[in-house]
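Residue strings, one per chain:
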Amino acid sequence: MLTSPASHRSLGSAFVRALLPGLALLMILIVGCAGPQALRRGPAAVRNGGWGDTARGEPLPFDALLDDLAGARIVYLGERHGVARHHRQQQRIIAGLAERGVPQALGLEQLEAQYQPVLDRYARGEIDFRALAAETDWATRWRNYHDYRPAIEAARKAGAPL
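Residues numbered from 1 in each chain as written. Predicted model: local features only at pLDDT ≥ 70, side-chain atom pairs only at ≥ 80, totals over all residues. Heavy atoms only, no water.

Asker: I tried to follow the pattern of salt bridges on my own but got confused; where do I start?
Answerer: A side chain with one charge may pair with a side chain of the opposite charge, provided their charged atoms come close. Within the structure shown, the criterion is met by seven salt bridges. We note a salt bridge from Arg-100 to Asp-63, for which the minimum N-O separation is 3.7 Å. Here Arg-100, found in the loop between α6 (84-99) and α7 (116-123), pairs with Asp-63, found in helix α5 (residues 62-70); they are 37 residues apart in sequence, far enough to count as distant. Where Glu-126 meets Arg-124, a salt bridge forms, and the shortest distance between an N and an O atom there is 2.7 Å. Exposure remark for Glu-126: the relative accessible area of 48% places this residue in the partly exposed category. One salt-bridge network, in which partners are shared between bridges, spans Asp-63, Asp-67 and Arg-100. (Salt bridge = Lys/Arg side-chain N within 4 Å of Asp/Glu carboxyl O. Helix = DSSP H or I, 4+ residues; strand = E, 2+ residues; numbered from the N terminus. Buried < 20%, exposed > 50% of the residue type's maximum accessible area, 1.4 Å probe, protein only.)

Asker: Please explain the packing of aromatic side chains as it appears in this structure.
Answerer: The geometry of two aromatic rings is summed up by the distance between their centres and the angle between their planes. All told, the structure shown has five aromatic pairs when counted by the stated rule. Ring plane angle 45° and centroid distance 5.8 Å describe the contact between Phe-129 and Trp-138, whose orientation is recorded as tilted. The exposure classification of Phe-129 matches that of Trp-138, with both residues buried. The ring of Phe-62 is capped by Arg-92, whose NZ or CZ atom sits 3.7 Å from the centre of that ring. One Lys or Arg, Arg-156, reaches over the ring of Tyr-122 and ends 4.0 Å from the middle of that ring. (Phe/Tyr/Trp six-rings, centres within 6.5 Å; stacked < 30°, edge-to-face > 60°. Lys NZ or Arg CZ within 6 Å of the ring centre and 35° of its normal.)

Asker: Sorry, what's going on with the packing of α6 against helix α10 (residues 149-157) here?
Answerer: Two quantities define a packed helix pair, namely the angle between the axes and the distance from one axis to the other. Contact pair α6 / α10: the axes reach a minimum separation of 8 Å and the direction vectors enclose 10°. By the angle between their axes, α6 is roughly parallel relative to α10. In contact with Gln-90, Gln-91, Ile-94 and Ala-95 of α6, α10 contributes Pro-150, Ala-151, Ala-154 and Ala-155. Across the contact of α6 with α10, the residue classes break down as six nonpolar, two polar and no charged. (Axes fitted to C-alpha atoms, helices over the stretch in contact; angles between N-to-C directions. Parallel < 35°, antiparallel > 145°, perpendicular 65-115°, else oblique. Contact = heavy atoms within 4.5 Å. Nonpolar A, V, L, I, M, F, W, Y, C, P; charged D, E, K, R; others polar.)

Asker: Would you mind going over the confidence of the model for the protein with me for this structure?
Answerer: Looking at the protein as a whole, the pLDDT averages 78, with 70% of positions reaching at least 70. Here residues 23-40 is a poorly scored stretch, pLDDT under 50, and it has 34 contacts once near neighbours within four places are set aside; other chains count. (pLDDT = per-residue confidence, 0-100.)

Asker: Can you walk me through α6 in this structure?
Answerer: Each α-helix turn comprises 3.6 residues. Residues three or four places apart therefore point the same way. Compared with an ideal rise of 1.5 Å per residue, which puts 16 residues at 22 Å, α6 spans 23 Å between its outermost C-alpha atoms and is within 8% of the ideal. Among the residues making up α6, those that are buried are His-86, His-87, Gln-89, Gln-90, Ile-93, Ile-94, Gly-96 and Leu-97. Directly beyond the C-terminal end of α6, a positive phi value near 80° is found at Gly-101. (Expected span 1.5 Å × (residues − 1).)

Asker: Looking at this structure, I do not really get the environment of His-87. What am I missing?
Answerer: With respect to the secondary-structure elements, His-87 resides in helix α6. Of the residues examined, His-87 reaches a relative accessible area of 2% and is grouped as buried. Sequence separation of His-87 and Tyr-148 is 61 residues, and the distance between their C-alpha atoms is 6.5 Å. Once residues within four sequence positions are removed from consideration, His-87 is found in contact with Glu-79, Gly-82, Asn-144, Asp-147 and Tyr-148. Separated by 3.3 Å, the side chain of His-87 and the backbone oxygen of Asp-147 make a polar contact. (Polar contact = N/O pair within 3.5 Å; in protein donor to acceptor, adjacent residues only side chain to side chain.)

Asker: Honestly, the packing of α5 against α6 in this entry has me stumped. Any pointers?
Answerer: Packing of α5 against α6 leaves a shortest axis separation of 10 Å and a crossing angle of 65°. Handedness of the crossing formed by α5 with α6: right-handed. Contacts between α5 and α6 pair Phe-62, Leu-65, Leu-66, Leu-69 and Ala-70 from the former with Gln-89, Arg-92, Ile-93, Gly-96 and Leu-97 from the latter. (Left-handed = near helix turned anticlockwise from the far one by under 90°.)

Here it is as structure tokens:
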């Protein structure tokens, strides 16, 4: 259990119950994108690039992961910067949730609010990724900006606001 009965009372049990599914899914995502040392300690399927259910300590098929994520209100996707497989997994998750009809919105830490009009034009298909990068001066501010292209394009294809 992530919280004690005392903390349930102090935080409000409804609030804690609302957070627990999201925290469990976040732990699944962290294991899915964990570094090499953590993967060596997990089940064989996780060590070989699969997903792991941290609550059960067993491999989790990708479709089951998507089913779990589809039931969550919020899904946080993260990565270790510069690790291409993490970005591919982000794209797979965004596309997989879109195939299930899950409404999405994608927030990008690298693009501040001042660039929202450019993001909106990209989302509407008025400009391509190259123009998005140029008009936001993304390469100057975030050297591996191109790694985010698959996830951003998957979100745009899904009709998700950026």
